[in-house]
Amino acid sequence: MANSFRKPAILDPMYYPIIALLIALIACVELSDAVTAVDVYRLVQYDISGVPFGSRLATLNHHAGSSFFGSGSSSDLSRTVLILPVRELNLTLITEYIEQKKLLGGLLLLLPPKFRPENTGSTFGADEDIDSLRNKLVELEWLLTHSNIPYPVYFAFEDDNIKAVLAEVKRNDASGQPATATTGGYKLVVAASDPKRIVSPNIANIQGWLPGLKVDGDSNQLPTIAIVASYDTFGAAPALSAGSDSNGSGVVALLEIARLFSALYSNPKTRGRYNLLFGLTSGGQYNYNGTQKWLRSFDQRLRESIDYAICLNNVGSLGNQLHLHVSKPPENAYIQQIFQGFSTVAEELGLQVGLKHKKINISNPRVAWEHEQFSRLRVTAATLSELSTAPELLESTGGLTDNRHFTSEASIIRSIKLVAESLARHIYSQEKKSISIFADDSSLAVNPSYIRSWLDLLSTTPRVAPFLSKNDPLIKALEKELADHTAEVNVQHETLDGTFTFYDSTSGKLHIYQVASVTFDLLLLLVLGSYLITLFSFLFITTRVRILVSLNLDSVILVYQSKYKDEEKKMRNSSNQSAGIVQQGLDDLISLFRRPSSRKVKST
Amino acid sequence: MTVFHFFNCAILTFGPHAVYYSATPLSEYDTLWTSIKAAVVYLFTALVKLVCLATFLNVSESESDNFDPYQELLKALFGFIEVAGLYFALTQLTHRNISQNHKFQAVGLGWAFADSVLHRLVPLWFGARGLEFTWDYILQGLEANANLVFSISLAALGSLMWLRKNKPKTLIPIIYACAGIVATMPTITSYLRRGLGWHLPKVVGFELFSSLLIAFISWQLFVACQRPSN
């Protein structure tokens, strides 16, 4: 008994791989024959303290539409995917639509191809109304990330294929034929599984340590200066959030400053009396959660040895106004010292640096600037940024619009000079003298090609913290780069605080199928049926009736007389004999379905 | 919905074969076995042809759209392997005692059906069930219809060539010419498609038209050959 039960259990699993292979094969073949397959990027899906935001679905399988008004009569769009190019988007309309929580099958937003992160080479044409488009996108991004949208929302870039599809869909809509299952049209399919919560999202802080020159004995007492920048981003489409200015520019500046000081510190003669601590922190968009965890991990002595910290945030956009944001009152001596150092150098560079003071409210969980995390631990710190006011939570986080085109290398170079020069003067106690340590033609000049290559890399790498794995190439690259410039590098892996929950499936493939309607298939079936019936009748009449006619007519009639008497009577009633033969043929046609074989007819 | 479409295409592709069998006296004479035999012969012929093609034809990596006369000539030559197979099916197989009239029809039918199953069923299964709608599978079904007519015509001509002894001498060259044309039909369509760049609907239309023409001619030839014996 036991054996007989066990046998099928042993045999069955052998077939599973074969079955799985077959299914996979069929699935592959079925998916690969679409007209167009487009890369699409899903709107972020996240919760803040359990409150849902963003697009709550990933699977898309509906017909395409092109406007909110559908086509005349039917205003029900719950089974329609709207394709909306951002260029022509009516913001008030979509705001209204989302705020009133009207149902849609899905939303596909087409971004101009120039906003593609990979597109670093070409520049925007001067004629284009790029600023208004950018503002529109910023507004749209804010709207989408701060609403709970119960249908899938995807972003894609305009290309010829999708434009052709859109034109066709628009034509259909205009002609008053709604694209539903009965009239054909285009079907948009994104095969995605249900988005899953990312369990314990990882944030990695990378820290580099450049020790100062120890004078015999009292090595522990060397003061430390920290330079910090957060490298992660956030945006409507996590797979497209490769923030170039925020905060790619800060990361690039930090790396270049590390490179410059490593050159200085490699020579004992120019090695300063300050330790330098470089920190690339993650979780910057979520109240600088990474920075907080990083600081907490410091031991007491290190934390107390920090003289001050400079945080770099958005230092790469055009314009020559920078702000030094602080939390301590501006009258504070340390703050004054830092600000003096910066403004002196800024004057030489033709920059304007303003001091902005914003008090910390300990009871408010919002941390608007990175330096506030330092200040909360009573470490003097300031943030250098081109933003004049503190951003809201999830504002200016390096999303869709934060493009390489809007970030200027020259501005970054200026900011680097500003920070490096003022730091160097502080470290070497040259505050009062107007010397230039990092002069343009010296061996310590800022390297523009280094900046460009790093800025290009960061501007093409999406880096929303929860979607970066522990061993993400970007984290490895940053770690390696810091290791090249500093004596000691540590990567600290932490888990993002539980207030934020993220869901996966950030990108996918959209397949656009041209589908036939059910009515078409019904019609086709009708046509085919009548074709086959005609063919049958034609073949039947040409082959069998001819045979019957060619035989002796009397014998045929006799045969029929004997077999089908009542029908024969009817036939007799008809006056014309030839008509009778046609009748016979029809009878034969009918009888074919009744009789098993009519060979007897022939045999007689 | 898509299964529905597959069903439609399958009806178009394989329906005529069934209709032909049931509507004509073939079903009365129980010639199914003959058709099956012919289908088996077709399978072997197709195998031999494939092996020959694979051995002697150099396959270009990309599905090239240009028409290579030398390669096509070779292909046409291998096309005659099919004729040889048909010869075998018509003359060498022992058939039940059925008239020549029905024999060639049964062989042609089996031949065409095997061809349809071999060449059209798998693409149909994978293609027509997909969401994407194309006319291709409907056109392919029409092509299968044309192919059925061609196969039966070729079988008719073959039976005239090989089985009928007392045929009018004047008709013999015409019979051979027609058979030659039918045997090289794949090459002709390939030339139309690649050499002249015709689109599929046009090619299928041509095939349908020419199949009807060939069928008419071979019918006339058949009738003409039958006359002296009567």
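Residues numbered from 1 in each chain as written. Chains lettered and ligands numbered in written order. Predicted model: local features only at pLDDT ≥ 70, side-chain atom pairs only at ≥ 80, totals over all residues.

**Q** Provide a residue-level description of the overall build of chain B, including the pertinent values.
**A** Within chain B one finds eight helices and zero strands. The linear arrangement of helices and strands in chain B, starting from the amino end, is α-α-α-α-α-α-α-α. In terms of C-alpha radius of gyration, chain B reaches 18 Å, essentially the compact-globule figure of 17 Å for 230 residues. Seen through its C-alpha atoms, chain B measures out along the principal axes to roughly 55 × 40 × 30 Å. Looking at chain B residue by residue over its 230 residues, the buried ones come to 38%. (Helix = DSSP H or I, 4+ residues; strand = E, 2+ residues; numbered from the N terminus. Rg over C-alpha atoms; globule rule 2.2 N^0.38 Å. Buried ≥ 20, exposed ≤ 12 C-beta atoms within 10 Å, placed from the backbone.)

**Q** An account of the overall build of chain A is needed here, citing residue identities and associated values.
**A** Of the regular secondary structure elements, chain A holds 17 helices and 19 strands. Expressed as a percentage of the 604 residues in chain A, the buried residues total 41%. Pairs at least 24 apart in sequence give 84% of the contacts found in chain A among residues at least 6 apart. (Contact = placed C-beta atoms within 7 Å.)

**Q** Residue-level account of the packing of helix H5 (residues 244-265) of chain A against helix H10 (residues 409-427) of chain A, with values.
**A** All names here are of chain A. As a packed pair, H5 and H10 sit with axes 10 Å apart at the nearest point and diverge in direction by 50 degrees. If you check the angle between H5 and H10, you find them oblique. Note that H5 runs across H10; the crossing there is right-handed. Across the interface between the two elements, Ser-249, Val-252, Ala-253, Glu-256, Ile-257 and Leu-260 of H5 pack against Ile-412, Ser-415, Ile-416, Val-419 and Ala-420 of H10. Within the contact of H5 with H10, the residues separate by chemical class into eight nonpolar, two polar and one charged. (Axes fitted to C-alpha atoms, helices over the stretch in contact; angles between N-to-C directions. Parallel < 35°, antiparallel > 145°, perpendicular 65-115°, else oblique. Left-handed = near helix turned anticlockwise from the far one by under 90°. Nonpolar A, V, L, I, M, F, W, Y, C, P; charged D, E, K, R; others polar.)

**Q** Talk me through the pairing of strand S10 (residues 202-210) of chain A; I want residue IDs and the actual numbers.
**A** Residues and elements named next belong to chain A. The buried fraction of S10 is high, at eight of nine residues. Strand direction decides the pairing type here: S10 and strand S12 (residues 275-281), joined by five bridges, are antiparallel. Opposite Gly-208, over in S12, you have Phe-278 as the bridge partner. (Pairing = 2+ DSSP bridges.)

**Q** Before we move on, can you summarise helix H3 (residues 69-92) of chain B with the specific residues and values?
**A** Residue and element names in this part refer to chain B. The end-to-end C-alpha distance of H3 is 34 Å, a good match for the 34 Å that 24 residues give at a rise of 1.5 Å each. Of the residues making up H3, those classed as buried are Glu-72, Phe-78, Glu-82, Gly-85, Leu-86, Ala-89 and Leu-90. Contact partners of the buried residues in H3: helix H2 (32-56), helix H4 (100-127), helix H5 (136-162), helix H6 (172-183) and helix H7 (185-195). (Expected span 1.5 Å × (residues − 1).)

**Q** If you had to explain the UniProt feature "transmembrane region" (unreviewed entry) in chain A to someone new, which residues and values would you point to?
**A** Here the UniProt feature "transmembrane region" (unreviewed entry) sits at residues 522-541 of chain A. Summarising residues 522-541 of chain A: 100% helix, 0% strand, and an end-to-end C-alpha distance of 28 Å. (UniProt positions renumbered as here; feature names shortened; annotations may be inferred.)

**Q** Lay out the sheet that holds strand S9 (residues 185-190) of chain A in plain terms, naming residues and giving numbers.
**A** Strands belonging to one sheet form pairs held by backbone hydrogen bonds; the direction of such a pair is parallel or antiparallel. All names here are of chain A. A barrel is described by the order of its strands in space; here seven strands give the closed sequence S1-S8-S6-S5-S4-S9-S19, paired in mixed fashion. Each neighbouring strand pair of the sheet contributes to a mean axis angle of 35 degrees, computed without reference to strand direction. Here four bridges tie strand S4 (residues 60-65) to S9, and the two strands are oriented antiparallel to one another. Bridging from a neighbouring strand, His-62 pairs with Leu-188 of S9. The strands touched by helix H4 (residues 160-174) within the sheet are strand S1 (36-42), S4, strand S5 (80-85), strand S6 (106-111), strand S8 (153-157), S9 and strand S19 (507-515), with S9 carrying the most contacts at an inclination of about 130 degrees.

**Q** Can you tell me about the UniProt feature "transmembrane region" (unreviewed entry) in chain B, naming the residues and giving the values?
**A** All names here are of chain B. In this numbering, the UniProt entry assigns the feature "transmembrane region" (unreviewed entry) to residues 39-57, 77-94, 146-163, 170-192 and 204-225. Helix makes up 95% of residues 39-57 and strand 0%, with an end-to-end C-alpha separation of 26 Å. The distance from the first to the last C-alpha atom of residues 146-163 is 25 Å, and the span holds 94% helix and 0% strand.

**Q** How would you explain the nonpolar core if you had to name every residue and give the values?
**A** Among the nonpolar cores identified, the biggest contains 134 residues, and A:Ala253, A:Leu254, A:Ile257 and A:Ala309 are the most heavily contacted of them. Of all the elements, H5(A) adds the most residues to this core, at eleven residues. For this core, the two domains that each supply at least three residues are domain 2 (35-197 + 508-515) and domain 3 (202-495) of chain A. Excluding its chain neighbours within four sequence positions, the residues that come into contact with A:Leu254 are A:Ile227, A:Ala229, A:Phe278, A:Leu280 and A:Leu312. In terms of nonpolar packing, the next biggest core, distinct from the first, is built from 50 residues, B:Ala146, B:Leu148, B:Leu160 and B:Val182 among them. (Core = buried A, V, L, I, M, F, W, Y, C linked by C-beta atoms within 7 Å. Domains from an automatic or database assignment.)

**Q** Which residues make up unusual backbone geometry, and what values do they have?
**A** Trans peptide bonds make up the majority, and among non-glycine residues the majority have a negative phi. All names here are of chain A. For the bond from Ser-246 to Asn-247, the omega torsion is 0 degrees, close enough to zero to count as cis. Of note, Asn-247 is situated in helix H5. The backbone phi angle of Ser-429 is positive, close to 55 degrees, even though this residue is not glycine. Residue position: Ser-429 is located in the loop between H10 and helix H11 (448-460).

**Q** Before we move on, can you summarise the domain arrangement of chain A with the specific residues and values?
**A** Residue and element names in this part refer to chain A. Per the domain assignment, the segments of chain A are domain 1 (1-33), domain 2 (35-197 + 508-515), domain 3 (202-495) and domain 4 (521-603). A C-alpha centroid distance of 37 Å is found between domain 2 and domain 3. Counting residues at the interface gives 18 residues for domain 2, matched by 18 residues for domain 3. When residues of the side of domain 2 that touches domain 3 are traced back to their parent elements, those giving at least two are S1 and helix H3 (130-145). With six residues, H3 is the single largest residue contributor to the side of domain 2 that touches domain 3. Looking at the side of domain 2 that touches domain 3 residue by residue, the class counts come to eleven nonpolar, three polar and four charged.

**Q** Account for the confidence of the model for chain A, naming residues and giving values.
**A** Do not read the fine detail of predicted coordinates wherever pLDDT is low. Residues and elements named next belong to chain A. Within chain A, residue pLDDT values average 81, and 80% of them lie at 70 or more. Overall, residues 27-33 carries pLDDT values under 50, and its contacts beyond four positions in sequence, including any with other chains, amount to seven contacts. Within the model, the stretch residues 595-604 combines pLDDT values under 50 with six contacts to residues more than four positions away or in other chains. (pLDDT = per-residue confidence, 0-100.)

**Q** Can you explain the sheet that holds strand S7 (residues 148-149) of chain A? Please cite residues and give values.
**A** All names here are of chain A. Taken together, four strands build an open sheet; the order of strands is S7-S3-S2-S18 and the sheet is mixed. Strand pairing shows two members of the sheet lacking a second neighbour, S7 and strand S18 (500-502), which therefore form its edges. Relative to S7, strand S3 (residues 51-55) is paired through two bridges, and the arrangement is parallel. If you follow Ser-55 over to S7, its bridge partner there is Ile-149.

**Q** A description of the environment of A:Gly319 should follow, citing residues and the corresponding values.
**A** Relative to the elements of secondary structure, A:Gly319 occurs in the loop between strand S13 (306-313) and strand S14 (321-326). The class for A:Gly319 is exposed, based on 10 C-beta atoms found within 10 Å.

**Q** Can you tell me about the pairing of S4(A), naming the residues and giving the values?
**A** Moving residue by residue along a regular strand, the side chains alternate between the two faces of the sheet. Residues and elements named next belong to chain A. Among the six residues of S4, five are classified as buried, and the element is accordingly described as predominantly covered. When S4 meets S5, the two strands line up parallel, connected through three bridges. Bridged to Gly-65 within S5 is Leu-82.

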